[in-house]
Amino acid sequence: MTTTGIGALIEVSADGSVSALMRSTSEQWAAAINHRFVRELFAGTVDEAVMRDYLVQDYQFFESFLSMLGACVAHADELDAKLRFARQLGMLVADEDTYFVDSFVELGVDPSDYLRPELAAPTARFRDLMDSAVDSASYPQLLVVLVVAEWLYLDWAESQEEVPQRDVHRGWIDLHRSETFRGWVQFLVYELERVFPTENDHGSEAEDLARTWRRAVDLECAFFDNVYDD
Ligand SMILES: Cc1ncc(CN)c(N)n1
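Predicted model, so just to flag it, every value in this text is computed and none were measured.

(A) Examining helix α2 (residues 26-33) more closely. Every buried residue belonging to α2 is among Trp 29, Ala 32 and Ile 33, and all of these are buried. Relative to the axis of α2, the buried residues are bounded by an arc of 90° and lie together on one face.

Written out as structure tokens, the structure reads:
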């Protein structure tokens, strides 16, 4: 076992499938974790309207994300894994949903504005990708999207030590960095490596997973970019 450069907080086998996926998107990954939104979030200088837009769109992301975890409870091939996804669902309901609702209060966003907003294009595309993974009922397809979404967030959230003062900024960083969050991401990465199809057995399935990985990384960049587009 070894660690990679970016994503170095997580152990991956250097000659395994996850390492290869990571290498295929290293530039886009670096662009996402060093994005202007991340820099401003750590500095506590994100424009109020940008933060509002980002969280309103991310609450829509969150809905499909929950469905993916539910689908993993249904389709994971081992009991231990099902239990791990069920525990994470409980954490998201308790901590992440509370963060969203408290932040909407802090930012003055009414439920009527955050429950059914118009979806920005990257949000709609991300939801399509997650909903397709759910419909596929394929544990590897679900894992590919989850690994990108969670590992990339761990990477940017652990990229700086100093955290900003305001709850709305600090809370979003804290949700994505801790021993516990790192353990969750490590679990996802081990699972993806474990169930990844070998080229000999299922060449086209592996290609399909690689396409999904690249699409998810591109969408992470687009999701950040979108909040600065008029
Ligand atoms: C767009 C996006 N990607 C990932 C995460 C982390 N679950 C998130 N909240 N939003």
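(B) Examining the nonpolar core more closely. Ranked by internal contacts, the top residues of the largest apolar core, which has 80 residues, are Phe 37, Phe 85, Trp 151, Trp 156 and Trp 213. Ranked by residues supplied to this core, first place goes to helix α8 (residues 139-157) with 15 residues. Once residues within four sequence positions are removed from consideration, Phe 85 is found in contact with Leu 69, Cys 72, Val 73, Ala 76, Tyr 139, Leu 143, Leu 146, Trp 184, Phe 187 and Leu 188.

(C) Geometry of the site of the ligand. Taken together, Asp 58, Phe 61, Phe 65, Ala 149, Glu 150, Tyr 153, Trp 172, His 176, Glu 220 and Phe 223 are the residues near the ligand. The separation between a nitrogen atom of the ligand and a polar side-chain atom of Asp 58 is 2.7 Å. Here a nitrogen atom of the ligand sits 3.4 Å away from a polar atom, N or O, in the side chain of Tyr 153. Relative to its unbound accessible area of 290 Å², the ligand is 99% covered by the protein chains. Elements that contribute at least two residues to the shell around the ligand include exactly α4 (48-75), α8 and α11 (199-226). Within the shell around the ligand, the residues separate by chemical class into 6 nonpolar, 1 polar and 3 charged.

(D) Molecular detail of the UniProt feature "active site" (unreviewed entry) in the protein chain. Per the UniProt record, "active site" (unreviewed entry) is annotated on Glu 220. Counting through the fold element by element, Glu 220 comes out in helix α11. Classification of Glu 220 as buried rests on a relative accessible area of 3%. Leave out the neighbours within four places in its chain, and Glu 220 touches Phe 126, Val 148, Ala 149, Leu 152 and Tyr 153.

(E) Fine view of unusual backbone geometry. With a phi close to 55°, Ala 137 is a non-glycine residue in the positive phi region. Within the secondary structure, Ala 137 is located in the loop between α7 (121-136) and α8.

(F) Representation of the packing of α4 against α7 in the model. Between α4 and α7, the shortest axis-to-axis distance is 9 Å and the interhelical angle comes to 10°. With respect to α7, the element α4 is oriented roughly parallel. Side by side, α4 and α7 meet where Gln 57, Gln 60, Phe 61, Glu 63, Ser 64, Phe 65, Ser 67, Met 68 and Ala 71 of the first sit next to Thr 123, Phe 126, Arg 127, Met 130, Asp 131, Ala 133 and Val 134 of the second. Of the residues assigned to the contact of α4 with α7, the class counts are 8 nonpolar, 5 polar and 3 charged.

Criteria and thresholds
Residues numbered from 1 in each chain as written. Predicted model: local features only at pLDDT ≥ 70, side-chain atom pairs only at ≥ 80, totals over all residues. Heavy atoms only, no water. Buried < 20%, exposed > 50% of the residue type's maximum accessible area, 1.4 Å probe, protein only. Helix = DSSP H or I, 4+ residues; strand = E, 2+ residues; numbered from the N terminus. Arc of directions from axis to C-beta. Core = buried A, V, L, I, M, F, W, Y, C linked by side-chain atoms within 4.5 Å. Contact = heavy atoms within 4.5 Å. Near = heavy atom within 4 Å. Polar contact = N/O pair within 3.5 Å; in protein donor to acceptor, adjacent residues only side chain to side chain. Areas by Shrake-Rupley, 256 points an atom, 1.4 Å probe, with all protein chains shown as cover. Nonpolar A, V, L, I, M, F, W, Y, C, P; charged D, E, K, R; others polar. UniProt positions renumbered as here; feature names shortened; annotations may be inferred. Axes fitted to C-alpha atoms, helices over the stretch in contact; angles between N-to-C directions. Parallel < 35°, antiparallel > 145°, perpendicular 65-115°, else oblique.

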